[in-house]
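Here's the letter readout for the chains.
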Amino acid sequence: MKKIIFIPLILCAFVLAACGAAKIPMDANNKNLMNMKPVSGEETLSEWSTPSSITTNKPVTISILIKDKNNKPVKEFETVSTKKMHLVVVSKDFSYFAHIHPTFKGNGRFEITTTFPASGDYKLIAEMTPVGASDYSIENHWVKVQGTPPPSVSIEPDSTLTKVINGTKVTLSFDGKPTAQKNIDMNFTLYNAKTNKPITNLKPYLGTVGHAVAIDRSVAQFMHIHPLYPKGKGPKVTFMTYFPTKGVYKVWGQFNVNGQILTVPFVINVE
């Protein structure tokens, strides 16, 4: 199965000019200070087990067996951002997004029970790090949910990069134009929508101040990005980002606001 492997870019605090992509061992203390730059690789294999027929809003059990390059089950996985596996579920039209966490059952196998809200095609993207590996590994799988597909939705860049969701106003900005194959800071700034006061008491979500996922319109490029300053409290949360290709991307920022996980989506154009 085709995958994306990620190489970390570490923030060089003292000699910024000397920074660059480096392939280094994964370690939980460093992971929160890194951006992920995609490269090709074949670190793992996977076998996915799903029901032959999936219908909307009914629980579905999904099993994922992760194997090494020798086709043997991986015995141990690093705990990254408090979890051994992060699973992103996204519909082909981007109308649905979920960031969930399968349970490790041992001997390479993860399992989760979830539901799908509408018919159509969904991509499942699993991210994990085998113990002793030098890279994250990404495995993905498509499932089809039975029924009449919903009307197609055009995925176009947002005309404004400010949204209000559940009483929180969030503005997305970049330090420069979003440009492919270039490191760029992506900033989410959060305010109380009623008072317009900056939110400065964000709580940790999965061990850090926030998470961001970016996927391109063709659902081929995937990035799970950690904040540059993982122990921040807001109002600004910065992610050092690297878009591998030009095109339209949907970005989801996730933050813990007063104990509730806020997911904020934006669609942007990368030049």
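1. Regarding the overall build of the protein chain
Here is step 1 of the chain: Helix and strand counts for the protein chain come out as 1 helix and 18 strands.
Here is step 2 of the chain: The burial tally for the protein chain puts 48% of its 271 residues in the buried class.
Here is step 3 of the chain: In the protein chain, the proportion of contacts linking residues at least 24 apart, taken out of those at least 6 apart, comes to 64%.
Here is step 4 of the chain: Carbon and sulfur atoms make up 51% of the accessible area of the protein chain, which amounts to about 12,800 Å² in all.

2. Remarks on the sheet that holds strand β17 (residues 247-257)
Here is step 1 of the chain: Sheet architecture is open: 4 strands sit in the order β15-β14-β17-β18, paired in antiparallel fashion. The sheet terminates laterally at β15 (222-225) and β18 (260-270), the two strands that pair on one side only. Sheet twist, expressed as the mean angle between neighbouring strand axes with direction ignored, is 15°.
Here is step 2 of the chain: As judged from the 6 bridges shared by strand β14 (residues 211-216) and β17, these two strands associate in the antiparallel manner. For A214, the partnering residue across the bridge sits in β17 and is V251.

3. Some remarks on the side chain of K250
Here is step 1 of the chain: By secondary structure assignment, the location of K250 is in strand β17.
Here is step 2 of the chain: Although K250 lies buried, it forms no salt bridge, and the closest oppositely charged side chain, D158, sits 7.5 Å away as judged by the N-O distance.
Here is step 3 of the chain: Among the polar contacts made by the side chain of K250, one reaches the main-chain carbonyl oxygen of F94 at a distance of 3.1 Å.
Here is step 4 of the chain: In contact with K250, not counting residues within four places along its chain, are F94, V213, A214, I215, P265, F266 and V267.

4. Focus on the sheet that holds strand β3 (residues 45-49)
Here is step 1 of the chain: With antiparallel pairing, the 4 strands of this open sheet are ordered in space as β3-β4-β8-β7. Across the chains shown, the open sheet's two edge strands, defined by having one partner strand only, are β3 and β7 (103-106). Direction aside, the axes of adjacent strands within the sheet are offset by 25° on average.
Here is step 2 of the chain: With 6 bridges joining them, strand β4 (residues 60-67) and strand β8 (residues 109-114) adopt antiparallel strand pairing. Its bridge partner lying in β8, I64 is registered against F110.

Rules and cut-offs
Residues numbered from 1 in each chain as written. Predicted model: local features only at pLDDT ≥ 70, side-chain atom pairs only at ≥ 80, totals over all residues. Heavy atoms only, no water. Helix = DSSP H or I, 4+ residues; strand = E, 2+ residues; numbered from the N terminus. Buried < 20%, exposed > 50% of the residue type's maximum accessible area, 1.4 Å probe, protein only. Contact = heavy atoms within 4.5 Å. Areas by Shrake-Rupley, 256 points an atom, 1.4 Å probe, with all protein chains shown as cover. Pairing = 2+ DSSP bridges. Axes fitted to C-alpha atoms, helices over the stretch in contact; angles between N-to-C directions. Lys, Arg positive; Asp, Glu negative; His and termini not counted. Salt bridge = Lys/Arg side-chain N within 4 Å of Asp/Glu carboxyl O. Polar contact = N/O pair within 3.5 Å; in protein donor to acceptor, adjacent residues only side chain to side chain.

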